[in-house]
Every structure is written in structure tokens, then in C-alpha cells.
Amino acid sequence: MAALRRTLHLASLAAGARRAVAGSLAGGCLADRRLWDKLPAQRRQGSAGTFDWFFGYEEAQGLLLPLLQEAPAACPPRVLDVGCGTSSLCTGLYTKCPHPVDVLGVDFSPVAVAHMNSLLEGGQGQTPLCPGHPASRLHFMQANAQNLQPVASSGSFHLVLDKGTWDALARGGLPGAYQLLSECLRVLSPGGTLIQFSDEDPDVRLPCLEQGSQGWTVSVQELGPFGGITYFAYLVQGSN
């Protein structure tokens with residue numbers, strides 16, 4: 001019983017911390033860039049220089065690495081993280097993936113992009129990030145995930161990652177979320193995969209993805225629990 005009480009207590013603390021961070025956003029529109037511009041400066045005290053909603057690269061790598069192994073061997077697979085913020089997904093893929101990868105993180109917050117470029121290049125007295133494979137590359141650019149035309153041509157990415165970006169846009173209405181989905185599918189190569197990471201229940205998310213991804217295969221995998229919370233990976237996949 002003592003062990004059970006401790007487990008429940010830890011889960012409660014994790015959920016409480018998550019609510020506290022989310023509470024700092026509750027007063028604003030999650031599609032407002034100014035809101036996200038304020039956040040990186042509040043998180044720089046973290047030793048890794050990154051901050052993750054939901055979870056980070058370590059929890060996602062078991063799903064990501066097999067997909068990258070399946071990529072065509074002619075050149076490093078291109079990976080796009082939409083709404084990357086200051087997440088560890090991009091940096092984790094770059095520094096820890098044993099296979100060559102070409103990673104691009106985009107975010108509409110210039111503050112977040114500047115922070116991640118500084119982390120990559122070793123700014124503010126930090127050590128520059130080293131790739132896990134000599135052929136791997138990592139870039140960060142400012143871009144609107146609902147209009148990726150300036151940074152991404154059609155069919156140019158093997159893997160597109162969305163960790164919480166649909167969730168943020170959907171708070172302002174589903175049309176914005178569907179525009180995000182449309183852009184993600186546009187930039188996917190034939191046979192590519194879009195992964196949406198979320199804590200939203202499949203009964204809610206799957207019908208939306210099926211409606212907006214006609215002609216694609218939609219599936220879901222359960223992840224976790226991490227910190228007492230169960231998450232979901234929603235996969236939208238094409239055929240070669």
C-alpha cells in the first residue's frame with residue numbers, strides 16, 4: 001500500500017507541475033506568437049537548454065528510429081518538426097540517432113528559433129552539439145506551420161513530427177488545425193509518415209485525422225505512461 005500511495009503521489013505531482021506550466025498559457029491564445037516568445041527565456045535554467053511538452057526524445061526514440069531505418073538509403077532521410085519550440089526532439093535526433101538524418105525544426109517564434117540555434121552552435125558559453133552520425137545535419141528556421149511553402153517543397157520530407165502543435169491550434173478552432181494537417185501532408189514524400197504526439201483521446205483525434213487525411217492510412221499507438229500520463233502517437237502514412 002505504501003508503494004501504491006507513493007506512485008499515486010508522484011503521478012499527482014507530475015500532473016500538478018504540468019497544470020502549473022499550462023496555467024501560464026491559460027490566459028492567452030495558444031496561436032498568439034507573443035505568448036510563445038516569452039517562454040524560452042523562462043526555461044533556460046534547464047541543464048539541457050530544452051523544454052518539452054508531454055515528453056522528450058528519449059520517450060519517442062523507440063517509435064522514431066525504426067521509421068528512419070526504413071527510409072531509402074540513397075541519402076539521409078529528412079525530418080521536419082513543426083512547431084518545434086525548444087523541444088528536445090530535433091536535438092535528440094541529431095545528437096543520438098545512430099543513422100544519418102537531416103533534421104529541420106520550424107517554429108513561428110523567433111525567440112525559440114534563436115534559442116535553439118544558439119544551443120546548436122554553442123552560444124552563451126555552451127559546447128556546440130555534436131551529431132550522432134557524421135552525415136547528420138540540423139537546422140532551425142522561423143516559419144508558420146500552417147504555411148510551409150517558404151521552407152519546404154512538396155514531397156520533401158520522409159518524416160514529419162507534430163508534438164502538441166495540432167493541440168495548440170485546435171484551441172483556436174479546427175480550421176487552423178486542418179490547415180496544419182494539410183501542410184504536413186503536402187510536404188511528406190510518398191511512403192512518408194506524419195506523427196502527431198498528443199494526450200488527446202483517440203475517440204476525438206482519429207475522426208478528425210481520418211476526415212482530413214483521406215487517401216492516407218491513419219493509426220494510433222499508445223505511449224507511456226510517462227509521469228503517470230498516457231499519451232498517443234497518431235500516425236498518418238502514405239504508400240510508395
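Below is a short write-up of the structure.

Structural notes on the overall build of the chain
And then number 1: A tally of helices and strands in the chain yields nine helices and seven strands.
And then number 2: Per-residue burial over the chain gives 47% buried out of 240 residues.
And then number 3: Sequence separation of 24 or more characterises 76% of the internal contacts of the chain that already satisfy a separation of 6 or more.
And then number 4: Of the roughly 11500 Å² of accessible surface on the chain, a fraction of 54% belongs to carbon and sulfur atoms.

Quick word on unusual backbone geometry
When glycine is set aside, most residues are seen to have a negative phi, and most peptide bonds are trans.
And then number 1: Here the bond from Gly 224 into Pro 225 is cis, since omega is 10°, no more than 30 degrees from zero.
And then number 2: Assignment of secondary structure puts Pro 225 in strand E6 (residues 217-226).

A word on helix H5 (residues 89-96)
And then number 1: For H5, a buried count of six out of eight residues is recorded, marking the element as mostly surrounded by other parts of the structure.
And then number 2: Those residues of H5 not exposed but buried are Leu 89, Cys 90, Thr 91, Gly 92, Leu 93 and Tyr 94.

Some points on the side chain of Ser 189
And then number 1: One can find Ser 189 in strand E5 (residues 188-198).
And then number 2: In contact with Ser 189, not counting residues within four places along its chain, are Gly 155, Ser 156, Phe 157 and His 158.

Thoughts on the packing of aromatic side chains
Pairs of aromatic rings are described using the distance from one ring centre to the other and the angle between the two planes.
And then number 1: The tally for this structure, following the rule as stated, stands at eight aromatic pairs.
And then number 2: An angle of 85° between the planes, with centres 5.6 Å apart, marks the rings of Phe 51 and Trp 53 as edge-to-face.
And then number 3: Judged by centre distance (6.3 Å) and plane angle (25°), the ring pair of Phe 226 and Tyr 231 falls under stacked.
And then number 4: Looking at Phe 226, the relative accessible area reads 24%, which means it is partly exposed.
And then number 5: Judged by its relative accessible area of 2%, Tyr 231 is buried.
And then number 6: Following the ring pairs from residue to residue traces out a cluster consisting of Phe 54, Phe 55, Phe 197, Phe 226 and Tyr 231.

Criteria and thresholds
Residues numbered from 1 in each chain as written. Predicted model: local features only at pLDDT ≥ 70, side-chain atom pairs only at ≥ 80, totals over all residues. Heavy atoms only, no water. Helix = DSSP H or I, 4+ residues; strand = E, 2+ residues; numbered from the N terminus. Buried < 20%, exposed > 50% of the residue type's maximum accessible area, 1.4 Å probe, protein only. Contact = heavy atoms within 4.5 Å. Areas by Shrake-Rupley, 256 points an atom, 1.4 Å probe, with all protein chains shown as cover. Phe/Tyr/Trp six-rings, centres within 6.5 Å; stacked < 30°, edge-to-face > 60°.

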